[in-house]
Amino acid sequence: MSEDLRLDNVQGNILRGYRSNLCHVRHLILEVTERSSARRFLGAAVSGGTAEVPRITCATGWGTLKPETCFNIGITFAGMRALGTPEAMLATFPTEYVDGMAKRALKLGDFGDSAPANWSAPFDRTDRVHLIATAYAQQPEQLDQIKAEVAKAFHVIDFRDGRTRNDANVLGPAFRGDGSPNNRSFFGHADGISQPRFKIDGYPDINSSQPTSPLGTVLLGYDTPLEGIRFRVPMSEELGKDGSFNAFRILAQDCWAFENYLTEAADALLELERVKGPQVLPAGGEKAIRPGLSRVGALREVVAAQMCGRWRNGTPVDTSPFHPLPTDDLTSATLNDFTYSGETTCPAGAHIRRVNPRDGKIVQRAANHTRRLVRRSMPYGPDFDAANPDDAPRGLLGNFIGASIGAQFEAVMCDWLNLGLHDPSITRRNDPLIGANTPETSVFDLRLMEGTPYRLRGFPRFVRTKGGAYTFLPSLRAIRFLAELPN
Amino acid sequence: MLVRSIGRGLVNWVMTGGSSIYDRLVDSLWRPDGPKPEEKRRPVHTIGTGASGFFAASDNAAHFCTAEHFQKGRTVPVSVRFSNGSGNATRHDGWSDLRGMATRFHLDDDRQAGVAADLLAITVPGFFTPTVDEFLDFAKWALPQPYLRQSPWYKFVKLLNLEQPRRNPYPRETISPDIGAEAFADRYDNTKLPVFLDASIGAPASFARAPYHAVHSFIVTGSDGARRHVRFNWQPTLGVLNKDPQQPPEDVYLERELRERLAAGPASFSLMMAIGEGGDDFNDSSRAWSFQRRRVFMGTMTIDRYADDQWTDNEHMSFNPCRLVDGIEPSDDPILHARRHLYEVSRLRRGAPLCPFARS
Amino acid sequence: MADEEGWLGRFVDNLPEQGWFKFLSNHFVVPYWVWREPKAKLPGGPRMAVQPGENLQRMMNLVMPLKDRSPIGRAKATLALGQSVDTLYAGLDNVGTIHFARFVIIENNLCMMSVYDGDFDSYVRDFIVSIGNVFDAVLVHVEGGDAVIPTKQNVEKFVDWIHDHDLFQMPDFATDLFDLQDEAQNLAANRAPHDLSSLSRALVLQLHANPNFALGSGFRSYAGYSAAQIRSTFGMGW
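In this text the structure is predicted, and so the values were computed from the model without any measurement.

> Any chance you could break down the overall build of chain C for me, citing the residues and the numbers?
Summing up its helical and strand segments, chain C has 10 helices and five strands in all. Taking 238 residues into account, the globule formula puts the C-alpha radius of gyration at 18 Å, and chain C, at 22 Å, lies well above it. Along the first, second and third principal axes, the C-alpha set of chain C runs to 70 × 45 × 35 Å. When the 238 residues of chain C are sorted by exposure, 33% land in the buried category. The contacts in chain C between residues at least 6 apart in sequence include a share of 72% that link residues at least 24 apart.

Shown next as structure tokens:
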């Protein structure tokens, strides 16, 4: 399967995260105003770069020489058209990509505050968003340099900066096996732990009990996790192969509302304990969560953990329901080698269980492991201090990569993350952490120690969509083709 | 929110030199052919009929609402007032019009001043406008105008435009709010559906053979503490039956029909409660909810007595959509809150008795 | 009495029932308006929505014209399905999101009416995986079916094809039609307000563009629950 994979034809950010040494990222949102200069730029970028044009990073292994910067591009359908892609090729792209993320809003739960009508610039004018070019660097100055180079060929409408949030005190050593530092979302949870595993020559193989995914999960032109099925390769068999699709999303996180709700829920659980004794955490269990933590503080952590499916340091709730494992003891196996078969202690509605049910029992019996997404996301905005809350914009710059937007990203969003269709005990309910919740109707069932549910209600939407776009991540061959299109 | 709306009312009262927005709203509802002020009748739903019976909660109602009349095994007496929607003082039962059914659930023995919950419903599923200001506008536009037959040539042009010509005036119909209402609906999206449904509603064969919608969202608290936004509607057990719109309308029949029907046997309605979902607008009563909402059967109302005293139990009664009890609260629907005051204004002017609000 | 109906008034009132007027309307008036105010064919299937009630028990009304419009042709299509009952049931139970499905042949159209939960595209894709060969066997007999066979290698095309053949669902509230038509023309809702009396024309013209359509989103006795929830509640397992 990976014999015919040419790593030098695949954009690098699809198959690897660059976070081992590059902890600053800048997404440049570009408009093609001058087609020929845009094409010239792409031609130079795909041919190894020049002094004035960054080089498109491909997926070939780095060996010992790690690059100082990396650069990749994604193109929206409007962008493919703006670059002059022939109509016959434009007709080969899937409907959801052609529609664009804004038109699919109701399917993705983007309504009310998250509706495209309320998206921040430049995503309020989706017809002008043509490319999202992403630069990764060790230092922010290097990002400025790349931005200046890009601005010579494109109109840089806007840009968004993200950064790695690494808290070595709380999170464990390299648990991905490749030394990349951890990332923590603003809700405090270790993020980006579980990614689809591929068998690729030259890539480190992480030992795990989780099954590997076929290459067609994330690259066009290969076998997909759906048996017997291949997705249509856009443009042409030759050009579209090794490309992928990305759902880029700006997800604003309401940390204050989240912390507030944890307190509200913990207070209610404390009340319940006074009457009925410990329900969700054994007596004295707060010590194991963190020394010196109060009972109500511990209950807050339990709620946060059950809503996510992981404790804040990444320990799966399935593995350890009452306290996180010591951070120093965390390995990639402890973090990722678990599944939801049998009597699991992880609530069915927990976030990570919704987006990846693993081997758990689900309604769509053949769909386990078929809707995986490669996630390359970075937090944006200043740190949040619960003691001094502010409403500065902060959240996640999300990249959700897969070979089919419809079969993977959209299918997860509208059937599993929201609606909970795959398990009747959570159907009609949305993901508590990032679902399209309204306080009048939201519901999440905690799992009490004896296995019975305890219903939490009234939580607001914690994550709002502030912008986004579906982009095509072309192979290097495809980029060259676009660069060499005749006028 | 109630305090806010009363506060706003006070501000308006001061700003308009003593006449609150609710006074102005009630004033705007009077028709030239409506009742005289000294008659002390209602400005709309002028003509009505009183009856009484009882309501028996379904077995599952208590799970959704802790209000007394929904508790398992509970049967409470009810008073109802059926009405024609129009403010025309002359009875024209057969003219196309929405109808009303106001229900009072008596929760203690004092039928006049005791604890009670009201549920007011009409035969269209939505109110005309989502906000009070828009309703003031609508009331101005919908002031009855001379209603004449469209000329045959004009009708012919309408047919060539694939449009429906205006219905011919009924015998003795000289003015109608329909022209103004439709002109308002032409401009305001929110009013299109209610006016469209109202225009084609026709006349029921009986008050007991029409569906009634309470229109506004309420918040019911369940036995597990869950609060849900809901909308109530009554379904006639025998089903909906309308008069044939092709036949000339009968002016006076509904009251007699009800009296005769109840003399022969009771009439009943099922109370259905739709539960709202995230994404629905709970506070816009001009939009009916989708039919794909869960509908809970909450109980059966059996009406078995025509009111002997049509003065006390019909004309002189005063219902109020915000007369609620523990377990049911109003949503933030501005029209629902405005109606609380509108009905009070009307009641005061009519000199009808005050039934104390069990919850303020 | 001021309002007396003259003979001309009565004549015009009765026009819509006159045969010659109907002929005039169908052959001249409607085509004129089709030219003057064309309406785009509106897409089939339930519209995207966020409420769980809108995403459960959704209706599919798939109409597939048969190639061979003879009794033999209908028999062939029938046999192709009849021989696949086991496959169909395996697919149904394993996809898990179908409440009901039925196949009906009406006027040389093979129709599939089903009630399903969740994302349309996922439901079709899951079916391609599990019973794609049944689709292939049946599509041979359907007009335009050859373009999407074998379905396993034409996933996106087949999904789009089904969307095309799924009937447009008239909005449950008639006046919503204006918004749908505006949206299809990329106009903002109520930007140029529509006269209420033009609703009948809007309806007629839309039914010219969508001659086959579903009247509303369907009636449900126990709305709002998934197939698996019902199975689970009644102890049948899911």
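> Which residues make up the overall build of chain A, and what are the values?
A tally of helices and strands in chain A yields 15 helices and 13 strands. Residue burial in chain A is summarised as follows: out of 487 residues, 57% are buried. Of the contacts made within chain A by residues no fewer than 6 positions apart, 70% connect residues no fewer than 24 positions apart.

> Which residues make up the interface of chain B and chain A, and what are the values?
Interface size is commonly expressed as the accessible area that is lost once the parts come together. Across the boundary between the two partners, chain B contributes six residues, which contact seven residues of chain A. When the residues that make up the side of chain B that touches chain A are grouped by side-chain class, the tally is two nonpolar, three polar and one charged.

> With reference to specific residues and values, describe the nonpolar core.
Counting residues in each nonpolar core, the largest one holds 163 residues, and the members touching the most others are I14 and V303 of chain A. Among the elements that line this core, the one with the most residues is helix α6 (residues 120-139) of chain C, at 10 residues. If we ignore the near neighbours within four places in the chain, the residues touching V303 of chain A are L262, A265, A266 and L446 of chain A. A121, V124, V325 and L342 of chain B belong to the second largest nonpolar core, which has 77 residues in total.

> So, the interface of chain B and chain C: which residues are in play, and what are the values?
Contacts between the two partners involve 31 residues from chain B, matched on the other side by 33 residues from chain C. Looking at the side of chain B that touches chain C residue by residue, the class counts come to 12 nonpolar, six polar and 13 charged.

> Please provide a residue-by-residue account of the packing of helix α9 (residues 255-276) of chain A against helix α11 (residues 295-308) of chain A, values included.
Residues and elements named next belong to chain A. In the contact formed by α9 and α11, the axes pass within 8 Å of each other and the chain directions differ by 115°. Here α9 and α11 pass one another in a crossing that is right-handed. From α9, L262, T263, A265, A266, D267, L269 and L270 reach across to α11, where they touch R295, V296, L299, R300, V303 and A304.

> So what's going on with helix α2 (residues 35-46) of chain A? Which residues, and what values?
Two residues of an α-helix separated by three or four positions point the same way, owing to the 3.6 residues in each turn. All names here are of chain A. Spanning 12 residues, α2 covers 17 Å between terminal C-alpha atoms, matching the ideal 16 Å at 1.5 Å per step. Every buried residue belonging to α2 is among A38, R39, F41, L42, A44, A45 and V46, and all of these are buried. Its buried side turned inward, α2 meets α15 (476-483). Looking one or two residues beyond α2, the residue adopting positive phi is G48, at roughly 100°.

> With reference to specific residues and values, describe the environment of G398 of chain A.
Residues and elements named next belong to chain A. Along the chain, G398 turns up in strand β10 (residues 395-402). Given 21 C-beta atoms within 10 Å, G398 falls into the buried group. In contact with G398, not counting residues within four places along its chain, are F248, R249, L251 and S377.

> Summarise the packing of helix α5 (residues 85-95) of chain C against α6 of chain C; cite the residues concerned and give the values.
All names here are of chain C. Two elements in contact, α5 and α6, have axes separated by 9 Å at closest approach and are oriented at 155°. With respect to α6, the axis of α5 lies roughly antiparallel. You can see that α5 and α6 cross each other, and the crossing is right-handed. Taken together, the residues of α6 that come into contact with α5 (itself represented by T87, L88, A90, G91, N94 and V95) are Y123, D126, F127, S130, I131 and V134. The class makeup of the residues in the contact of α5 with α6 is seven nonpolar, four polar and one charged.

> Please provide a residue-by-residue account of the sheet that holds strand β2 (residues 98-106) of chain C, values included.
All names here are of chain C. Strands sit in the order β1-β3-β2 across an open sheet of three strands; the sheet is antiparallel. Looking at strand neighbours, the two that pair on one side only are β1 (58-65) and β2, the edges of this open sheet. Going from strand to strand, the sheet's axes swing by 15° on average, the running direction of each strand aside. As judged from the eight bridges shared by β2 and strand β3 (residues 109-116), these two strands associate in the antiparallel manner.

> Help me get a handle on the pairing of strand β13 (residues 463-473) of chain A, residues and values and all.
Residues and elements named next belong to chain A. The element β13 is extensively covered by neighbouring structure, given that 11 of its 11 residues are classed as buried. Pairing of strand β7 (residues 244-253) with β13, which is carried by 10 bridges, proceeds in the antiparallel orientation. Following the sheet pairing, I250 is matched in β13 by G467.

> Help me get a handle on the confidence of the model for chain C, residues and values and all.
Averaged over all residues, the pLDDT of chain C is 92; the fraction at 70 or higher stands at 97%. Predicted complex, confidence summary: ipTM 0.92, pTM 0.93.

> Describe unusual backbone geometry, with residues and values.
Residue A121 of chain A is joined to P122 of chain A through a cis peptide bond whose omega torsion reads 0°. The topology assignment puts P122 of chain A in the loop between α6 (105-108) and β3 (131-137). Residue I149 of chain C is joined to P150 of chain C through a cis peptide bond whose omega torsion reads -5°. Position of P150 of chain C relative to the elements: it lies in the loop between α6 and α7 (155-165). Look at R172 of chain B: it is not a glycine, yet its phi comes out positive at around 70°. By the secondary structure assignment, R172 of chain B is in the loop between α5 (152-160) and β6 (175-176). Although it is not a glycine, N108 of chain C sits at a positive phi angle of roughly 65°.

> Mind laying out the pairing of strand β8 (residues 218-221) of chain B, listing which residues take part and the relevant values?
Residues and elements named next belong to chain B. A one-sided burial pattern is seen for β8, the buried positions being F218 and V220 and the unburied ones I219 and T221. Direction of pairing for β8 relative to strand β9 (residues 227-236): antiparallel, over a ladder of four bridges. The residue of β9 that forms the bridge with T221 is R227. Linking β8 back to β9 in an antiparallel pair, the connection comprises five residues, with G225 at a positive phi of about 85°. Alignment of β8 against strand β12 (residues 328-330), held across three bridges, turns out to be antiparallel. Each bridged residue has a counterpart across the sheet, and for V220 the counterpart in β12 is I328.

> An account of helix α10 (residues 334-350) of chain B is needed here, citing residue identities and associated values.
For α10 of chain B, with 17 residues, the first-to-last C-alpha span of 24 Å sits near the 24 Å given by 1.5 Å per residue. Positive phi shows up at G351 of chain B, right after α10 of chain B, with a value of about 70°.

> Provide a residue-level description of the environment of L448 of chain A, including the pertinent values.
Residue and element names in this part refer to chain A. Secondary-structure assignment places L448 in the loop between β11 (443-447) and β12 (453-457). Residue L448 is classed as partly exposed on the basis of its C-beta count, with 16 C-beta atoms lying within 10 Å. Sequence-wise, L448 and Q279 are 169 residues apart; in three dimensions their C-alpha atoms are separated by 5.6 Å. Those residues in contact with L448 that lie beyond four places of it in its chain are Q279, V280 and Y454.

> Could you give an account of the environment of P245 of chain B, with specific residues and numbers?
Here P245 of chain B shows up in the loop between β9 and α8 (254-264). Sequence separation between P245 of chain B and A307 of chain B is 62 residues; the distance between their C-alpha atoms is 30 Å.

Calculation rules
- Residues numbered from 1 in each chain as written.
- Chains lettered and ligands numbered in written order.
- Predicted model: local features only at pLDDT ≥ 70, side-chain atom pairs only at ≥ 80, totals over all residues.
- Helix = DSSP H or I, 4+ residues; strand = E, 2+ residues; numbered from the N terminus.
- Rg over C-alpha atoms; globule rule 2.2 N^0.38 Å.
- Buried ≥ 20, exposed ≤ 12 C-beta atoms within 10 Å, placed from the backbone.
- Contact = placed C-beta atoms within 7 Å.
- Nonpolar A, V, L, I, M, F, W, Y, C, P; charged D, E, K, R; others polar.
- Core = buried A, V, L, I, M, F, W, Y, C linked by C-beta atoms within 7 Å.
- Axes fitted to C-alpha atoms, helices over the stretch in contact; angles between N-to-C directions.
- Left-handed = near helix turned anticlockwise from the far one by under 90°.
- Expected span 1.5 Å × (residues − 1).
- Parallel < 35°, antiparallel > 145°, perpendicular 65-115°, else oblique.
- Pairing = 2+ DSSP bridges.
- pLDDT = per-residue confidence, 0-100.

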